[in-house]
Amino acid sequence: MSESLVIVGNGMAAARLVDELAKVALGRYAVAVIGDEPRLAYNRVLLSSVLAGETASHEIELRPADWWRDRGVTLKYGCAVREVDVGRRELKIANEESISFSKLVFATGSNPLRLNVPGVELTGVHTFRDSRDVDLLLTLAAGKKRVVVVGGGLLGLEAAYGLAKAGAPVTLLHLMDRLMERQLDVPAGALLKSLVEKKGIKVLLNASTSRILGENRVEGVELNDGQRIDADAVILAAGIRPNIMLAKEAGIPVNRGIVVNDQLQTGSDGIFALGECAEHRGICYGLVEPAYEQARVLAQHLAGRSAAYGGSVVATNLKVSGVSVFSAGNFLGNDGSEAIVLNDIRRGTYKKLVIEDGRLTGAVLVGDITDALWYLEMIRSREKIAGIRKDMMFGRAAALQVAA
Ligand SMILES: Cc1cc2nc3c(=O)[nH]c(=O)nc-3n(C[C@H](O)[C@H](O)[C@H](O)COP(=O)(O)OP(=O)(O)OC[C@H]3O[C@@H](n4cnc5c(N)ncnc54)[C@H](O)[C@@H]3O)c2cc1C
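Residues numbered from 1 in each chain as written. Predicted model: local features only at pLDDT ≥ 70, side-chain atom pairs only at ≥ 80, totals over all residues. Heavy atoms only, no water.

Caption draft 1: View of the pairing of strand β5 (residues 90-93). The alternating pattern of β5 places Leu91 and Ile93 on a buried face and Glu90 and Lys92 on a face that is not buried. Alignment of strand β4 (residues 81-85) against β5, held across four bridges, turns out to be antiparallel. Residue valine 81 lies in a different strand from β5, and its bridge partner there is isoleucine 93. Where β4 folds back onto β5 in an antiparallel hairpin, the turn is made up of four residues, including arginine 89, whose phi is positive at roughly 55 degrees. Pairing of β5 with strand β6 (residues 98-100), which is carried by three bridges, proceeds in the antiparallel orientation. Paired with glutamate 90 across the two strands is serine 100, which belongs to β6. Hairpin connection from β5 to β6: four residues lie between these consecutive antiparallel strands, with asparagine 95 at a positive phi of about 60 degrees. (Buried < 20%, exposed > 50% of the residue type's maximum accessible area, 1.4 Å probe, protein only. Helix = DSSP H or I, 4+ residues; strand = E, 2+ residues; numbered from the N terminus. Pairing = 2+ DSSP bridges.)

Caption draft 2: Here's a closer look at the sheet that holds strand β14 (residues 220-223). Strand order in the open sheet formed by three strands is β13-β14-β15, and the pairing between neighbours is antiparallel. The open sheet is flanked by β13 (209-213) and β15 (228-230), the only strands paired with a single partner. For this sheet, the mean inter-axis angle between neighbouring strands, taken without regard to orientation, is 20 degrees. (Axes fitted to C-alpha atoms, helices over the stretch in contact; angles between N-to-C directions.)

Caption draft 3: Local environment of the pairing of strand β24 (residues 349-356). Counting buried positions over the eight residues of β24 gives seven, a clear majority of the element. As defined by bridge partners, strand β23 (residues 338-344) adjoins β24 across seven bridges and the pair is classed as antiparallel. By the bridge assignment for β24, valine 341 is matched with lysine 352. Here β23 folds back onto β24, and the loop between the two strands holds four residues, one of which, glycine 348, carries a positive phi near 70 degrees. With seven bridges joining them, β24 and strand β25 (residues 359-366) adopt antiparallel strand pairing. Residue pairing for β25: tyrosine 350 is matched across the bridge by valine 366.

Caption draft 4: Layout of the packing of aromatic side chains. One pass over the full model with this rule turns up two aromatic pairs. Taking 5.1 Å as the distance between ring centres and 85 degrees as the angle between the ring planes, the aromatic pair formed by tryptophan 67 and tryptophan 68 counts as edge-to-face. On the basis of relative accessibility, which here comes to 9%, the residue tryptophan 67 falls in the buried class. On the basis of an interplanar angle of 45 degrees and a centroid distance of 5.3 Å, the ring pair of tryptophan 374 and tyrosine 375 is categorised as tilted. Both residues of the pair, tryptophan 374 and tyrosine 375, belong to the buried class. Its end group placed over the ring of tyrosine 292, arginine 16 keeps NZ or CZ at 3.6 Å from the ring centre. (Phe/Tyr/Trp six-rings, centres within 6.5 Å; stacked < 30°, edge-to-face > 60°. Lys NZ or Arg CZ within 6 Å of the ring centre and 35° of its normal.)

Caption draft 5: Representation of the sheet that holds strand β21 (residues 315-320) within the structure. If you walk across this open sheet you meet the five strands as β21-β22-β25-β24-β23, and the pairing is antiparallel. In this open sheet, the two edge strands, each paired with only one partner strand, are β21 and β23. Each strand axis lies, on average, 10 degrees off the axis of its neighbour in the sheet, ignoring direction.

Caption draft 6: Here's a closer look at the site of the ligand. Every one of the 33 residues lining the ligand counts as a neighbour, but Ala13, Glu37, Arg129, Glu276 and Lys319 are closest to it. Taking 1,000 Å² as the accessible area of the ligand by itself, protein coverage stands at 92%. Counting only elements with at least two residues in the shell around the ligand, the list comes to α1 (12-25), β2 (29-35), α5 (154-165) and β21. At three residues, α5 tops the list of elements feeding residues into the shell around the ligand. Here the residues of the shell around the ligand sort into 15 nonpolar, eleven polar and seven charged. (Near = heavy atom within 4 Å. Areas by Shrake-Rupley, 256 points an atom, 1.4 Å probe, with all protein chains shown as cover. Nonpolar A, V, L, I, M, F, W, Y, C, P; charged D, E, K, R; others polar.)

Caption draft 7: Geometry of the pattern of salt bridges. Under the definition given, this model contains 23 salt bridges. Ionic pairing is found between aspartate 19 and arginine 63, a salt bridge with its closest N-O pair at 2.7 Å. Here aspartate 19 is found in helix α1, whereas its partner arginine 63 is found in the loop between α2 (47-51) and α3 (65-70), with 44 residues between them in sequence. The class for aspartate 19 is buried, based on a relative accessible area of 14%. Among the ionic pairs, aspartate 262 bridges to arginine 281, the shortest N-O distance being 2.8 Å. Separated by 19 residues along the polypeptide, aspartate 262 in the loop between β18 (258-260) and β19 (271-273) and arginine 281 in the loop between β20 (278-280) and α8 (288-302) bring together distant segments of the chain. Overlapping salt bridges bring together Glu20, Lys23 and Arg296 as one network. (Salt bridge = Lys/Arg side-chain N within 4 Å of Asp/Glu carboxyl O.)

Structure (C-alpha cells):
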C-alpha cells in the first residue's frame, strides 16, 4: 500500500510539488492536498494581470481537475487545516474531521501584513493576496472609488496599476525614499516613479501612514507629517509574513518561517515545508521560483534520491504594461565590486550591471529588459565574463557577435 503524504495548502508550491512527485515517485505515495481557498490551485503571480483586465480569472488555473485526478491526488479545497498532531500523525480539518498522515508537507504560503495603525479594522481596508481580493478590488475600481495603496514594492505597484487602469483614482504611499528599494538603486527607483506617474498614479515617497480615517468605513489616510488624503478604500501592500501558525502550534520549530534544512525537512521527522512559509538558511523567499526549486529537491528526496537545496538567486520582474523593470542578484554591489551603468532618462532606459571577481553578480534594468534572462543566467552560472565584458552592456546579440 502507498504511504500517505498530506500537503497543507493548495497554492503554487503544492501544485509544483505534486507535479515533480508524479515524475519521480508516481504511486509511491497516496497524496492528499488540503487547501483553504475555494478553488483549484492557480497562478497567483497572474492575479496582477487579472486585476489589470489583461487575463481572465478562469485562465490562471494551474491544472484542470482531471489532471489532479489522473495523478491519484485526493483534493480538498475550501477547507482549512486547523490542527496538526505530530505525535499521533493526524491533522484536523473543519467539522473536527481527522486525517492521518505518514509524511506531511506545509505549503501554507504567506499572509499580507496588516499595518499597526488606528483605523486598520475599518470597512474598506483590503489586501491583495488571493482571487477573492481581486474580485473586491475590481468592484472598487468599477465604482470609481478613490483608493490609497500603501506600499511601493512590486505588489503595491501592481495593485495601483491595475486599479488605475480599471478607472479608480489611485494614490500610492511608500515609506522609503524610492520605489522598490529592495530591488532598485536610486536612479532606477527615480525613473520608475516617473514612468508610474505617467500611468496616472499619484506617488508619495517618505510617506508614513499614521492612521486610517473614518467612523465606520474608510474616509481617508493621515500621514505622520499631518497630510491627509481623502479615500474610499485603502489597499495594504506593505509586505507579507510567512504563514507559520499551524506549524508553530504543532510544536515544529519556527523562526520568521518554518525552519527547514537542505532537504526541506523541518525539525520534526517526516515533516517538511516549502514555498513562502519555509525559512531556509535564514531566508524566507517571497517569490515563486525558489518555491519551484524547493519542490524539485523535495520530490527527489521523497523519492529516496539524494538531493539538496542550496538557496536561490532571486530575480524580480514588475508586471506593469509599458513599464519594464527587472532586478536580480546583488544589484547594489559591495566594496570590491564595480558597476557598468547606462542611464538614458529621456528614453526611459536605465541599465546597471554589477561585476565582482570577473563575474556578473547583479543587474538592474528599467525600460528595456530584452536581455534580462541572459543576465540572470550569467549571474546564476557564475561564469567568467572577461571575453564579453566590454560589450555585454549592449545585450546578448552584440556581445556574442563580438566574441564570435
Ligand atoms: C498579486 C501577486 C503578484 C505576485 N507576483 C509575483 C511575481 O511577479 N513573481 C514572483 O516570483 N512571485 C510573485 N508573487 C508571489 C508568488 O505568488 C508566491 O511566491 C507564490 O504563490 C508562493 O507559493 P506558495 O505555495 O508558497 O504560497 P501560496 O501560493 O500563497 O499558497 C499557499 C496556500 O496555502 C493555503 N493555506 C494556508 N494556510 C492553510 C491551512 N491552514 N489549511 C489549508 N490551506 C492553507 C492558502 O490559502 C494558499 O492557498 C506574487 C504574489 C501576488 C499576491
